[in-house]
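Chains, contacts and geometry: an overview
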Amino acid sequence: MSETITKSYELAKERYAEIGVDTDKAINALKNVKLSIHCWQGDDVLGFLFPNQDLTGGISVSGNYPGRAKTADQLRKDLSEALSVIPGKHKVQLHSIYADTDEKVDLNELEPKHFQSWVDWAKQEGVGLDMNGTFFSHPKSASGFTLASADKEIRDFWIEVGKGSRKIAEYFGKELGQQSVNNFWIPDGYKDNPIDKLSPRLRLVESLDEILKEKIDEAYTIEAVEGKLFGTGVESYTVGSHEFYEAYALTRGKLWTIDAGHFHPTEDVSDKFSAFLPFGKGLMLHVSRPVRWDSDHVVIFDDALTRIARALVRDDLLDKTNIGLDFFDATINRLAAWVVGSRSTLKALLQAFLAPINDLKKAELEGNYTMRLAVTEELKSYPFGAVWDYYCQESGVPVGTEWLKEIVAYEKDVLLKR
């Protein structure tokens, strides 16, 4: 099979060369992309601190496929298996609730030591770690408010959670030698129409400023703030709206997190990148698939993902953008979900690299829209798949659906025995 793949690649290389595209250069560009793969697909967003706590904050996972990870060791083993069939070296996103400790500890008491096993594993795997403070699925979030709560005691608790997540992310950065993105998303809001929309937002500003008061070297960690249109139970008013966090990111020098599922279904999130980055420090993406708004379906190689990849590549925005995944599906093999979502995202980026971008920009500048349309349409049927297969082969991971055989075998040997 390897000989066939190589021959197909050589033919594809010639085809792309005819339009001025260097396939080797495209592959090398893709090698430099690190996805931030979310750990919570593997255990249905339950974590290990409070495994019997119901999901709150508008989060819901459907399905009951066998083999859910119930311990940190199981989750890491599952991640290692999934990473083994995904080309490239990437990062893994954690949440506070994924602390690995025998201590009885609350969210506001977490320290780097409670994530030591994750750091040890990351070193062994050669991956980085990103962080998310957990502001949901906890008794102190039951009112629907955390950092924007009118109750100072509640606010103070969550401020400590936020400060702790920064120290943990800093530790990740120091130990692993790569910047750890620490993402902030909170579920605060009202189900029905509020009278006072300003005060909660002022409290949120004050809380975030308190969390970020201590200066931390950005070589180790940087913060990202994530907005949302609305959530289940907060349909009428979301404190941390997109406008709020975009302004906060701009005025505080932080990353703005764009989750593909957090906008109106007709919005094209890819168009927001070039609108924000002339002013903003950078972006954190949560690549998801909103079949019906924020439904967090497994990412597939669809038009929305293609537009996201093209926007990042064509406008040369990858250096200022962190690409994270965010979906959870318990109706299918959870490892397969990771692999499909990750490989689809990488495919979309590779296809975006395989275009004569400079020539197309030149044609556009000169008003040659005929050439722009004709070439971009022809590119859709170019032998991109042959380049992807070759990249997988050279990366030492299965080509085509061969990876599924490994995941099915792992399910039989490991998952079904849990």
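Here the structure is a predicted model, which means the values were calculated and not measured.

**Examining the overall build of the protein chain**
Broken down by element type, the protein chain carries 14 helices and 10 strands. In terms of overall size, the protein chain behaves like a compact globule, its C-alpha atoms giving a radius of gyration of 22 Å where 418 residues would be expected to give roughly 22 Å. Across the 418 residues of the protein chain, 54% fall into the buried class. Looking at the protein chain as shown, the accessible area adds up to about 18,500 Å², and 50% of this sits on carbon and sulfur atoms. Where the 50 positive side-chain charges of the protein chain centre and where its 65 negative ones centre are 0 Å apart.

**Concerning the UniProt feature "binding site: Mn(2+)" (unreviewed entry) in the protein chain**
Sites flagged by UniProt as "binding site: Mn(2+)" (unreviewed entry) map to His262, Asp294 and Asp296. These residues run over 35 residues, yet every pair of their C-alpha atoms falls within 9.7 Å of each other. Within the secondary structure, His262 sits in the loop between β8 (255-259) and α8 (270-276). Excluding its chain neighbours within four sequence positions, the residues that come into contact with His262 are Trp185, Glu226, Gly227, Lys228, Leu229, His242, Trp293 and Asp294.

**Brief notes about the sheet that holds strand β9 (residues 283-287)**
As summarised here, the arrangement of the eight strands in space is β1-β2-β3-β4-β6-β8-β9-β10, forming a closed barrel in which the pairing is parallel. Averaged over neighbouring strand pairs, the angle between their axes works out to 30 degrees when direction is ignored. Relative to strand β4 (residues 180-184), strand β3 (residues 128-132) is paired through two bridges, and the arrangement is parallel. Its bridge partner lying in β4, Asn132 is registered against Asn183. The sheet contacts of helix α10 (residues 334-353) involve β1 (35-38), β9 and β10 (321-325), and relative to β1 the element is tilted by about 160 degrees.

**Side note on the packing of aromatic side chains**
Overall, the coordinates contain 17 aromatic pairs when judged by the stated rule. Between Trp118 and Trp121, the aromatic rings sit 5.8 Å apart at their centres with planes inclined by 90 degrees, giving edge-to-face as the arrangement. A residue pair is termed a helical-turn pair when its members lie 3 or 4 positions apart in one helix, as Trp118 and Trp121 do in helix α4 (residues 116-125) at three residues. Ring centres 5.1 Å apart and planes at 50 degrees place the aromatic pair Trp256 and Phe276 in the tilted group. Of this pair, Trp256 sits in strand β8 while Phe276 sits in helix α8, and the two are 20 residues apart along the sequence. The pair Trp256 / Phe276 is uniform in exposure class, with both members buried. Following the ring pairs from residue to residue traces out a cluster consisting of Phe135, Phe157, Trp158 and Phe184. The positively charged end of Arg76 is found above the aromatic ring belonging to Trp118, 4.9 Å away from the centroid. Directly above the ring of Tyr220 sits Lys174, whose terminal nitrogen or CZ lies 5.4 Å from the centroid.

**So, unusual backbone geometry**
A positive phi is found at Ser137, a non-glycine position, where the angle reads about 50 degrees. Here Ser137 shows up in the loop between β3 and α5 (152-176). Phi is positive for Trp293, which is not a glycine, with a value near 60 degrees. Turning to its location among the elements, Trp293 is positioned in the loop between β9 and α9 (303-314).

**Topic: the pairing of β9**
Burial of β9 is extensive: five of the five residues sit out of reach of the surface. Of the two faces of β9, the one holding Leu283, Leu285 and Val287 and the one holding Met284 and His286 are both buried throughout. Of the strand pairs in this sheet, β8 and β9 are connected by four bridges, and their pairing is parallel. Considered in β9, the bridge of Ile258 is made with Leu285. In this structure, β9 lies alongside β10, joined through five bridges in parallel fashion.

**With respect to the pattern of salt bridges**
Within the structure shown, the criterion is met by 28 salt bridges. With a closest N to O distance of 3.0 Å, Arg252 and Asp209 form a salt bridge. Separated by 43 residues along the polypeptide, Arg252 in helix α7 (residues 242-252) and Asp209 in helix α6 (residues 198-211) bring together distant segments of the chain. Salt bridges sharing partners connect three or more residues here, namely Lys167, Glu170, Lys174 and Glu214.

**Things to note about α5**
The terminal C-alpha atoms of α5, which comprises 25 residues, lie 36 Å apart, in line with the 36 Å expected from a rise of 1.5 Å per residue. Near the N-terminus of α5, the side chain that reaches the backbone nitrogen of Glu153, with its oxygen 2.9 Å away, is that of Asp151. Of the residues one or two after α5, Gly177 is the one with positive phi, at around 70 degrees.

**A look at helix α14 (residues 402-413)**
The end-to-end C-alpha distance of α14 is 17 Å, a good match for the 16 Å that 12 residues give at a rise of 1.5 Å each. Here α14 has its buried residues at Trp403, Ile407, Tyr410 and Glu411. The arc enclosing the buried residues of α14, seen along the axis, measures out at 105 degrees, which places them on a common side. Away from its buried face by more than 90 degrees, α14 exposes Lys405 and Lys412. Tucked inside the fold, the buried residues of α14 contact α3 (72-83) and α10.

The rules behind these values
Residues numbered from 1 in each chain as written. Predicted model: local features only at pLDDT ≥ 70, side-chain atom pairs only at ≥ 80, totals over all residues. Heavy atoms only, no water. Helix = DSSP H or I, 4+ residues; strand = E, 2+ residues; numbered from the N terminus. Rg over C-alpha atoms; globule rule 2.2 N^0.38 Å. Buried < 20%, exposed > 50% of the residue type's maximum accessible area, 1.4 Å probe, protein only. Areas by Shrake-Rupley, 256 points an atom, 1.4 Å probe, with all protein chains shown as cover. Lys, Arg positive; Asp, Glu negative; His and termini not counted. Charge placed at Lys NZ, Arg CZ, Asp CG, Glu CD. UniProt positions renumbered as here; feature names shortened; annotations may be inferred. Contact = heavy atoms within 4.5 Å. Pairing = 2+ DSSP bridges. Axes fitted to C-alpha atoms, helices over the stretch in contact; angles between N-to-C directions. Phe/Tyr/Trp six-rings, centres within 6.5 Å; stacked < 30°, edge-to-face > 60°. Lys NZ or Arg CZ within 6 Å of the ring centre and 35° of its normal. Salt bridge = Lys/Arg side-chain N within 4 Å of Asp/Glu carboxyl O. Expected span 1.5 Å × (residues − 1). Polar contact = N/O pair within 3.5 Å; in protein donor to acceptor, adjacent residues only side chain to side chain. Arc of directions from axis to C-beta.

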